[in-house]
Amino acid sequence: MSALLDISASELRSRFGNTRADGSLGDLLKAKCHELYRKPPSETEITSWNQSLPALAEALDDFGLGHLVMFIELDMPPWPEQADVILAGPGHDNGRPVFTLVELKQWTDFEVLPSGRVMAGWKQGGPASKQHPWGQVTGHARYLAELYAVLDHDSFSSAVFLHNATDDFMQRLRNFGDGRNSTMFGAGELADFAEFLKGRYSDGSSAGARRMLLNARVRQSEALLKRVAAEFDETADKRFVLIGEQQEAHELVAQKVKELEGSERKAAVIVHGRAGTGKTAIALKLAGEYFLQDEGVYYWTWHQAFREALKKNSGLSDGDAKQIFRSPREKKITNRNMRLSATVSICDEAHRLEERTSLRSHSRESDQIDDILWTSRVHVFFVDDDQQMKTTEIGTVDRLRSELEERHVSVDVIELETQFRSAGTREYIDWVRRMVGHEPKAPELWRQREDFKLWIAERPQEVERILRAVAGRGDRYRMTAGLCWKSTDDGFGFVEIGDWRKQWNLEQASGDGPKSIEWGWKEGGWKQIGCVHTAQGLDWEWAGVIIGRDLVLRDTLATPLPENNTNVPTYANRPDDRRISEKLIRNAYYVLMTRGMKGMVIYAEDNLLRAELRGLVEPLPLPEGAEPEDKWERLRRKLPQETIDVVYEAQRAGSALPHKGLDYVPGHHSEYAWRDQLIAVLPDGLGHEAALEAETAYAEAGWTARRESDWDPESLRSALLSRLAQD
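Residues numbered from 1 in each chain as written. Predicted model: local features only at pLDDT ≥ 70, side-chain atom pairs only at ≥ 80, totals over all residues. Heavy atoms only, no water.

Trainee: Can you tell me about the overall build of the chain, naming the residues and giving the values?
Mentor: Within the chain, the secondary structure is distributed over 24 helices and 24 strands. Counting only residues that meet the buried cut, the chain has 58% of its 727 residues in that class. In the chain, of all internal contacts separated by at least 6 residues, the share reaching a separation of at least 24 is 71%. Counting only carbon and sulfur atoms, one obtains 45% of the accessible surface of the chain, whose full area is about 30,900 Å². (Helix = DSSP H or I, 4+ residues; strand = E, 2+ residues; numbered from the N terminus. Buried < 20%, exposed > 50% of the residue type's maximum accessible area, 1.4 Å probe, protein only. Contact = heavy atoms within 4.5 Å. Areas by Shrake-Rupley, 256 points an atom, 1.4 Å probe, with all protein chains shown as cover.)

Trainee: Let's hear about the environment of arginine 265: which residues, and what values?
Mentor: Along the polypeptide, arginine 265 turns up in the loop between helix 9 (245-259) and strand 10 (267-273). Note on arginine 265: relative accessible area 49%, which makes it partly exposed. With 144 residues separating them in the primary sequence, arginine 265 and valine 409 have C-alpha atoms 7.3 Å apart.

Trainee: Got a sec to walk through the sheet that holds strand 15 (residues 410-416)? Specific residues and values, please.
Mentor: The strand order across the open sheet formed by 6 strands is 12-11-13-14-10-15, and the pairing between neighbours is parallel. Of all the strands in the sheet, just strand 12 (325-326) and strand 15 have a single pairing partner and so form its edges. Judged from the 5 bridges that link them, strand 13 (residues 342-347) and strand 14 (residues 376-383) form a sheet pairing that is parallel. Pairing of cysteine 347 across the sheet is with phenylalanine 381, part of strand 14. Helix-sheet contacts for helix 9 involve strand 10, strand 13, strand 14 and strand 15, and the interaxial angle to strand 15 is about 165°. (Pairing = 2+ DSSP bridges. Axes fitted to C-alpha atoms, helices over the stretch in contact; angles between N-to-C directions.)

Trainee: Tell me about the pairing of strand 10, and name the residues and values.
Mentor: With 7 of 7 residues buried, strand 10 lies mostly within the body of the structure. Side chains Ala267, Val269, Val271 and Gly273 project from strand 10 onto one buried face, and the interleaved Ala268, Ile270 and His272 project onto a second face that is buried too. Both strand 10 and strand 14 contribute to a ladder of 6 bridges, which runs parallel. Along strand 14, the bridge assignment pairs alanine 267 with valine 378. Pairing analysis gives 7 bridges linking strand 10 to strand 15, with the strands arranged parallel. What sits directly across from alanine 267, in strand 15, is serine 410.

Trainee: Could you give me a rundown of the nonpolar core, with the residues and numbers involved?
Mentor: Formed by 102 residues in total, the largest nonpolar core has its most connected members in Tyr299, Tyr428, Trp431, Ile546, Ile547, Tyr589 and Met593. One finds Ala83, Trp107, Tyr148 and Ala165 within the second-largest nonpolar core, a separate group that totals 37 residues. (Core = buried A, V, L, I, M, F, W, Y, C linked by side-chain atoms within 4.5 Å.)

Trainee: Describe in detail the packing of aromatic side chains, supporting the description with residues and values.
Mentor: Aromatic ring pairs are described here by two measures, namely the spacing of the ring centres and the angle between the planes. Under the counting rule described, the total for this entry stands at 16 aromatic pairs. Note on tyrosine 428 and tryptophan 446: the rings are 5.7 Å apart at their centroids and 75° apart in plane angle, and the pair reads as edge-to-face. A residue pair is termed long-range when its members are at least 10 positions apart, and tyrosine 428 in helix 15 (residues 426-436) and tryptophan 446 in the loop between helix 15 and strand 16 (453-456) qualify at 18 residues. When its relative accessible area of 0% is taken as the criterion, tyrosine 428 is described as buried. Seen in terms of ring centroids, tyrosine 477 and tryptophan 526 are 6.4 Å apart; in terms of plane orientation they differ by 35°. Their pairing is tilted. With tyrosine 477 in strand 17 (residues 477-481) and tryptophan 526 in the loop between strand 19 (500-503) and strand 20 (529-530), this pair connects stretches of sequence that are 49 residues apart. Through successive ring pairs, a cluster of aromatic residues spans Phe63, Phe161, Phe185, Phe193 and Phe196. The side chain of arginine 433 reaches across the aromatic face of tyrosine 590, ending 5.9 Å from its centre. Over the ring of phenylalanine 494 we find arginine 501; its NZ or CZ atom is 3.7 Å from the centre of that ring. (Phe/Tyr/Trp six-rings, centres within 6.5 Å; stacked < 30°, edge-to-face > 60°. Lys NZ or Arg CZ within 6 Å of the ring centre and 35° of its normal.)

Trainee: A description of the packing of helix 3 (residues 24-37) against helix 4 (residues 43-62) should follow, citing residues and the corresponding values.
Mentor: Between helix 3 and helix 4, the shortest axis-to-axis distance is 8 Å and the interhelical angle comes to 125°. Here helix 3 is positioned oblique relative to helix 4, judged by the angle of their axes. Remark: the crossing between helix 3 and helix 4 carries right-handed chirality. Between helix 3 and helix 4, the contacting residues are Ser24, Leu25, Gly26, Leu29, Lys30 and Cys33 on the first element and Ile46, Trp49, Asn50, Leu53 and Pro54 on the second. (Parallel < 35°, antiparallel > 145°, perpendicular 65-115°, else oblique. Left-handed = near helix turned anticlockwise from the far one by under 90°.)

Trainee: Please set out the pattern of salt bridges residue by residue, giving values where relevant.
Mentor: Pairing between side chains of opposite charge can happen when the charged atoms of each approach one another. In this structure the tally under the stated criterion is 35 salt bridges. The closest approach of N and O atoms between arginine 433 and aspartate 386, which form a salt bridge, is 2.4 Å. Residue arginine 433 is found in helix 15, and its partner aspartate 386 is found in the loop between strand 14 and helix 14 (397-406); the two are separated by 47 residues along the sequence. Connected via shared salt-bridge partners are Arg274, Asp386, Asp430, Arg433, Arg434, Glu439 and Lys583. (Salt bridge = Lys/Arg side-chain N within 4 Å of Asp/Glu carboxyl O.)

Trainee: An account of the side chain of glutamate 349 is needed here, citing residue identities and associated values.
Mentor: Take glutamate 349: it is sitting in the loop between strand 13 and helix 13 (368-373). A distance of 2.6 Å separates polar atoms of two side chains, one belonging to glutamate 349 and the other to threonine 301. Those residues in contact with glutamate 349, other than ones at most four positions away along the chain, are Thr301, Trp302, His303, Phe306, Phe382, Gln536 and Gly537. (Polar contact = N/O pair within 3.5 Å; in protein donor to acceptor, adjacent residues only side chain to side chain.)

Trainee: Break down the sheet that holds strand 17 for me, with residues and values.
Mentor: Here we have 5 strands laid out as an open sheet, ordered 16-24-21-17-20, and parallel in their pairing. Both outer strands of the open sheet, strand 16 and strand 20, are each paired with one neighbouring strand and no more. The sheet contact formed by strand 16 and strand 24 (residues 596-604) spans 4 bridges and is parallel. In the strand pairing of strand 24, lysine 453 is matched with glycine 599. Helix 16 (residues 460-470) rests against strand 16, strand 17, strand 21 (540-547) and strand 24 of the sheet, and its axis sits at about 160° to strand 17.

Here it is in structure tokens:
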């Protein structure tokens, strides 16, 4: 647990009693904010610290609760904001620790906006669009209870302290929105505030409560499918908790439904966010709420595998699940019974919308947008421009907005920024985007985190071993691969690399696991490998990716090769169209490399790309139980990174290695020919580290390979084996 400062109310009052005038508390917290959260606070935040925190500390001290510890700006990862204050102290149950979240507001006036939010004003700032304070504090409290186990019980509550607010202001605020029967307190309600807190806290030491909160650890989020059923069960407790822009998107949809009741108009909300920003959580939250309210709701999703996973994990009857979770390719969408038959149409994976449609009498002038608009007045489209998989897909934010406005549909766009997958680290998502080439900037060195691990495997077998070793009790893991391998006519296929192969994309269940559309969530799915079409939309605690030869390193860039991919057209003589195919390959690996919640294991079949990746990731010891099984891998693990870097740099530059022996000959071989020839005579998986050992052994034996005719594979192999035997 992290907070800018933990201090008793009485000590804060005595140390910073003049902070309203000299700003001393704000200066201290500003420095700590830079140190802990690596970001500068806004001037509004600093003003709030100097005004609101002393007001709360003085009130607590006057209540006789000066012994309570104030945790100021408590971290709420991965959400970039912090909770204002958590009060920690002894409760009435034998001093059992009690905690209270207090949100502080300087508001002195507000007006209600059409969006349902408020335009708030205060003495030192504003106006600004804000969420109702009670909605904000309850949302934060639910999120904190999910985040920290010590707050997930009845000893945790929440309140709002508006220390500038008049009685008239408080009455207006309570009469609006979520304000009724809430624990909000204004400047004239200190007696009520004191009664509320004294009913929770007793006299005595706060040391135990302080220690408990300081030692609290963030709980790992559960994989999405473990929470689906709760959204459709009105008795369930553990539902998705929305916060920040997620909550804003949710509120905006509810507002549109209310606005268009009885109207002929249509409205759309486009929710745009990268992988792991919680798009599907919002979509399922909306679907569950409207289902439980007996309102019509459709949940459109393109991937059959993801759709079946939602159906089977929703806890709904087969009939209800089939009615809600639907494919946009259904031919009955446009029949008369479907017209405006739902209150809300939810399009998850709307980036997969296609320009052509097999519906509406095969009209060339209609597309899947028209089909979806047929079913409802309010539509929600969840989009990530970098997750399109086919050249016929049109669901980018700009294209979707334009198409909807042409159809006279009002459009609002919400941007999701916070990362909830990959242990909430946006840095990893940025690293992936740069690595696959979605952004021009080169990825920086990935530094390992306690809550998210990243391994670069040297052999595909190592991916399996690491995943099995790290997957704890209850954790799920899956392996995926790029679309570089084909299935046979009987529906069976294998990912094959050297002498290693593993079943993938089974059309029917077998001893190697369930069929592909159930692979991501059904027992035994770990026995086979999935692809982007069966993995998109899902996540697991641990995930492995095999990057095939459709993504290789050329110069310093990860370069897609459509000719090595079975899913995209190559467009060999049409550069502009080829670039589209290249982007689809980048998209696929971006999706696959963002499926892990606790960690990822990546293997690249291309030797140069694998060496590049290894240099971009801080080394991490293999977990217990994942040690190499043979001499070749043990040798490779012993080689220092400096040695690998020297070889890699020489290869990338196409220059001579930094010692006598194997040279690159300009104009005689292709840039990578000598490397390919060398690797061809070595056991699979040795890569460039072994190339250095082999070249040295070759030179020591008295041979120099400067022309293609000089190659003697058997002699080279013998020399290498002899050298290894001496280690």
